[in-house]
Every structure is written in C-alpha cells, then in structure tokens.
Amino acid sequence: MNFYEKAKALMDMEATEFTGGVSEQEIARAMNALSVVFPESYKTFLKDFGGGDAGGEIIFGITGNEEDDVVTVTQMERSQGLPEPLVIIGFWSDTLLCLDTAQMDQGECPVVALNDDYSQRELEADTFGTFLYEYLAEE
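As a starting point, this report considers the structure included with it.

Calculation notes
- Residues numbered from 1 in each chain as written.
- Predicted model: local features only at pLDDT ≥ 70, side-chain atom pairs only at ≥ 80, totals over all residues.
- Heavy atoms only, no water.
- Salt bridge = Lys/Arg side-chain N within 4 Å of Asp/Glu carboxyl O.
- Helix = DSSP H or I, 4+ residues; strand = E, 2+ residues; numbered from the N terminus.
- Buried < 20%, exposed > 50% of the residue type's maximum accessible area, 1.4 Å probe, protein only.
- 1 Å grid on protein atoms, 1.4 Å probe; cavity = no way out; pocket = protein on both sides within 12 Å on 5 of 7 lines; lining within 4 Å.
- Points joined across faces, edges and corners; volume = space filled by probe spheres on them.
- Nonpolar A, V, L, I, M, F, W, Y, C, P; charged D, E, K, R; others polar.
- Contact = heavy atoms within 4.5 Å.
- Polar contact = N/O pair within 3.5 Å; in protein donor to acceptor, adjacent residues only side chain to side chain.

This part is about the pattern of salt bridges. Evaluation of the coordinates by the stated rule reveals five salt bridges. Among the salt bridges present, the one from E24 reaches K47, with a minimum N-O distance of 3.6 Å. One end of the pair, E24, is in helix α2 (residues 24-34); the other, K47, is in helix α3 (residues 40-48), with 23 residues separating them in the sequence. Judged by its relative accessible area of 36%, K47 is partly exposed.

Listed below in structure tokens is the structure:
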C-alpha cells in the first residue's frame, strides 16, 4: 500500500470536510491553467476528494472557492513572485506548502515549505502522499 492509500485509510470522515472529487477533465484544465503536471498522488486526491479540510488544516484543490482553489491561489501568488513550477497546496502556520513540480521523478514530486518572500525552501515530504500520511498520522 502506498502512502496516499495509507493516508486515505487514516482519514476520519468526521474530522474532514471535502468539496467532493473532481473529474480528470477538471484536473487537466487546472494543470493547463498552471502550465504544470500534478504528481499522481495529488491527482488521485483531487479525484477522490477535490480539496478541503483534513483534521483542521485546508488542503487546496479544485474547489470552486477562491480561498482554497489551487489554481486561483497559485496564480495570485505567482503574480507576487512565486516561481512558476511551484503549486500551492496549503497555507499552514504562516508557511506556504507547495508541490515542487520542477522536481518531478517517476510521477511524483516533493512538497516544500516556503517563507512569505519565497526565499527559503524546506523539504516537507518526498511526495504529496507521504506528506498527507505524515500529517494525518500526527493528528
């Protein structure tokens, strides 16, 4: 079982509030809008859940809500200087959490934490699935 599947098994549906899964066409439109390819584990998350609250923290996705929509938030931050290959998946504790799609390897890329001026990056997890699993395992 991969880390995304382990994370999915940990999700307490009473402690989560997701918008609902989206189609592959919606995912393709989002990737096209951002000129990136999402990692496989994140695409699966989008298909399964869309985006929303997991244990008190918002995971950005394809939601139709400007405040937590991955395309809207990423485009807004790019207009402020966010490097192109980064895709914002959350804003936790004054830290931007991003997929670093420039580091794609075998269909997955790392999740990195950025400070507010984008000058410092810190590795959070090797993949989105690992990131989600480690977060949920702590809850």
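Once the structure has been displayed, the description carries forward.
The next thing to look at is the layout of surface pockets. In this structure, the largest pocket occupies an estimated 190 Å³ of space. For the largest pocket, the full set of lining residues is W92, S93, T95, L97, A113, E124, F131, E134, Y135 and E138. The set of elements that each furnish at least two residues to the lining of the largest pocket consists of β5 (95-100) and α5 (128-138). Here the lining of the largest pocket takes four residues from α5, the largest share from any one element. For the lining of the largest pocket, the per-class residue count stands at five nonpolar, two polar and three charged. Looking at the second largest pocket, its volume works out to about 160 Å³. Taken together, F60, E66, V73, M76, E77, F91, L96, D116 and Y118 make up the full set of residues lining the second largest pocket.

What follows deals with helix α4 (residues 70-78). V70, V71, V73, T74, E77 and R78 are the residues of α4 that are buried. For α4, the secondary structure elements touched by its buried residues are α2, α3, β4 (86-92) and β5. Where α4 starts, the residue carrying a side-chain oxygen 3.2 Å from the main-chain nitrogen of V71 turns out to be D69.

A positive phi angle is found at Q106, which is not glycine, with a value near 55 degrees. With relative accessibility at 78%, the residue Q106 sits in the exposed group. Phi at Y118 is positive, roughly 65 degrees, even though this residue is not glycine. Here Y118 is to be found in the loop between β6 (111-114) and β7 (121-125).

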